[in-house]
Amino acid sequence: MPSARYFRLRLINNKPSIEISAVHLYNADVRVDSTATITSGFTTDNVILGKVKTDVPDASSVVTVNTTTLQNTAFFIHWNFAAATNVNAFNIFSSNSATTFINNFSLHYTIKQ
């Protein structure tokens, strides 16, 4: 992936709820998302968004998203970096249950400044 300022993880979902415990962006095995501003279509709550950025995901950092009350366009997590950033990998920490695990998603980026 080229360097970009904006990254968006779009969750493609057909389940009544999903669970997320963290999402991390990396460049060459180094986590790079800690300085980015994170937003989401499913919440504006900084506590919930902080859980998505948590360093060590565990049971206390699980965020449950009731997808039946959301429009499909709200299924996203967005990172805004201050400057173009190289991202070549990401890691999604989700539920250990097949009924709430995130199994379909896409990662988008834009190099627009």
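Now for a quick tour of the structure. (Residues numbered from 1 in each chain as written. Predicted model: local features only at pLDDT ≥ 70, side-chain atom pairs only at ≥ 80, totals over all residues. Heavy atoms only, no water.)

The subject of this paragraph is the pattern of salt bridges. Taken as a whole, this structure holds two salt bridges when the rule is applied. With its nearest N and O atoms 2.8 Å apart, the salt bridge here joins Asp33 to Arg31. By relative accessible area, Asp33 is classed as buried at 0%. Owing to a relative accessible area of 21%, Arg31 belongs among the partly exposed residues under this scheme. (Salt bridge = Lys/Arg side-chain N within 4 Å of Asp/Glu carboxyl O. Buried < 20%, exposed > 50% of the residue type's maximum accessible area, 1.4 Å probe, protein only.)

When you line up the elements, Lys53 lands in the loop between helix H1 (46-52) and strand S5 (63-66). Summary of buried charges: Lys53 has no salt-bridge partner, and the nearest side chain of opposite charge, Asp33, is 5.6 Å away. Within the structure, Lys53 has its side chain in polar contact with the backbone oxygen of Ser34 (distance 3.2 Å). In this view, Lys53 contacts His24, Arg31, Asp33, Ser34, Ala36 and Ile38; residues no more than four positions away in its chain are not counted. (Helix = DSSP H or I, 4+ residues; strand = E, 2+ residues; numbered from the N terminus. Lys, Arg positive; Asp, Glu negative; His and termini not counted. Polar contact = N/O pair within 3.5 Å; in protein donor to acceptor, adjacent residues only side chain to side chain. Contact = heavy atoms within 4.5 Å.)

What follows covers the packing of aromatic side chains. Tallied over the entire structure, the rule returns three aromatic pairs. Judged by centre distance (5.9 Å) and plane angle (85°), the rings of Phe7 and Phe81 are edge-to-face. Here the residue Phe7 occupies a position in strand S1 (residues 4-11), and Phe81 occupies one in strand S6 (residues 76-85), the gap between them amounting to 74 residues. Here Phe81 falls in the buried class, since its relative accessible area comes to 2%. Look at Phe90 and Phe105: their rings are 5.6 Å apart centre to centre, the planes differ by 85°, and that puts the pair in the edge-to-face class. Here Phe90, found in strand S7 (residues 89-94), pairs with Phe105, found in strand S8 (residues 105-110); they are 15 residues apart in sequence, far enough to count as distant. (Phe/Tyr/Trp six-rings, centres within 6.5 Å; stacked < 30°, edge-to-face > 60°.)

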